[in-house]
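Chain by chain, the residues run as shown.
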Amino acid sequence: MPTEESGDVATGEARRCRNCGYHHAPCPGLDNCEMCETPLPIAVGGWMQLHTVFTERRERISSDEEERRRAGFELETSYRFHDHGKRKGRLDARAADASGDPIADLSYGDSATVRVANLGYRRGKEKETGFWLDTVNGRWLPSREAKSAPPGTELTDEETGLADGESEDKVRRVRVIPYVEDRRNILVLTLAAPVPTETAVSLQYALERGIEAVFQLEDSELDSEPLPPDNGPERMRMLFVESAEGGAGVLRRLQADHDSLARVAREALQIAHFDPDTGDDLGGPRPENRCEKGCYDCLLSFGNQLQHHLIDRHAVRDLLLRLAGGEVRRDENAEELIEKADSSLEGELIAWLRERGHRLPTEQQLLVTEALAQPDYVYRLPGNNKVAVFVDGPAHDDFHVARRDEDAGERLLDRGWRVIRFRHDGDWHKIVRANRSVFGPGDE
């Protein structure tokens, strides 16, 4: 926003991939998207982050949907993953059906940046992106489209701006693209092949409803957004965002657990009035009022009213059946964990867990400074649950080393950590079975 003395506006440049929606800050030599490797468009300037805004009371409001559609804003969502020190900010996995054919790729990131920009009015001129801002007092000015409207055209307050129109020669003005951003847990789902827009939109809302049902989330705790290409006949990407403060941890489970996405898909089939085993159309909860493409008992909601014409529960049935019968195969780079292991026994544990389909660690050799301890591996689970895993070889049989290990474990426990030890002569199967919430069920 404008500074009080100079009236200068802090703006910047940004590049959003037209193929996947990934956000890029200007960087010399960066020509291709870091997410999908497609060529990036030229940088767009005038981006202004909104930290604090002031609102004024409106004397007239309307709930008419046609007016909202006509005078609404064009919002654009972008995202970016961030590494956290040595810990990767993006974790990948692949969903495959029962025959092993890929269905979709899953990319999860905790504390990723989600940016929502207001590009202008929906009915505005295509070349005029953003809004005119008075750089002296920080008030929005009327759009040029409003001034050039034919005589007799009745314009709403949204179309004429939020401020009374001072003459343009009396104010210093600049055209800006306002945006807000936050750090959230996100999941990007990329289908193995493009599908019609109707199928992609229906799948997006079916999975959102299924996630909310399986993990008992409120509507306000999970959001979803379509990703580019925005106006093509086909799509293949969608974004899921945990809106709850600190995140609910459910999106991480979709990427980390081999069966969580299948459970969500089965629940989505039931919500969409299909038998999750056979795919038979159940028609809806009321036989006298059969659901055709969608209803408020399945995929329709007040929040997706502008997409109602695209939602078709039948279009997504086959995809959901494949997901329900498949599994997620993680790509947590077990080879890298083995390569960076401090001992051969640590590498053997990773290979052992991978072969049996168990969840792999989130981090390795993390120094927990407040506990003066360095676990061999760390699991970060939903609900801010932290698990320290130690792999003890024959050297740890020594009395003094064992006493040191015990003291480190006690310090971690005092600070809310859970501690698990794998000894060289221990029963690893028994340890994993006793800690299924950490390692997952595996290929049982």
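Look a little higher up for the structure.
Residues numbered from 1 in each chain as written. Predicted model: local features only at pLDDT ≥ 70, side-chain atom pairs only at ≥ 80, totals over all residues. Heavy atoms only, no water.

1. So, the overall build of the protein chain
At step 1: When you go through the protein chain residue by residue, the secondary structure sums to 12 helices and 15 strands.
At step 2: Every one of the 444 residues in the protein chain was classed for burial, and the buried ones make up 47%.
At step 3: Contacts spanning at least 24 positions in sequence make up 66% of the contacts within the protein chain whose residues lie at least 6 apart.
At step 4: Carbon and sulfur atoms make up 47% of the accessible area of the protein chain, which totals about 23700 Å². (Helix = DSSP H or I, 4+ residues; strand = E, 2+ residues; numbered from the N terminus. Buried < 20%, exposed > 50% of the residue type's maximum accessible area, 1.4 Å probe, protein only. Contact = heavy atoms within 4.5 Å. Areas by Shrake-Rupley, 256 points an atom, 1.4 Å probe, with all protein chains shown as cover.)

2. Describing the environment of R94
At step 1: Of note, R94 is situated in strand β5 (residues 91-96).
At step 2: For the pair formed by R94 and R329, sequence separation is 235 residues and the distance between their alpha carbons is 5.2 Å.
At step 3: Among all residues touching R94, those that are not within four sequence positions of it are P102, A104, D105, E327, V328 and R329.
At step 4: For R94, the side chain forms a polar contact with the side chain of D105, separated by 2.7 Å. (Polar contact = N/O pair within 3.5 Å; in protein donor to acceptor, adjacent residues only side chain to side chain.)

3. Examining the nonpolar core
At step 1: Core analysis: the largest hydrophobic core is formed by 48 residues, its most contacted members being L203, I211, L251 and L320.
At step 2: When residues of this core are traced back to their parent elements, those giving at least two are β5, β6 (102-121), β8 (173-196), α4 (197-214), β10 (234-242), α5 (250-256), α6 (260-271) and α7 (317-324).
At step 3: Per element, the largest residue contribution to this core is 7 residues, and it comes from α4.
At step 4: Contact partners of L203, with chain neighbours within four places excluded, come to L191, M238, V316, L319, L320 and L323. (Core = buried A, V, L, I, M, F, W, Y, C linked by side-chain atoms within 4.5 Å.)

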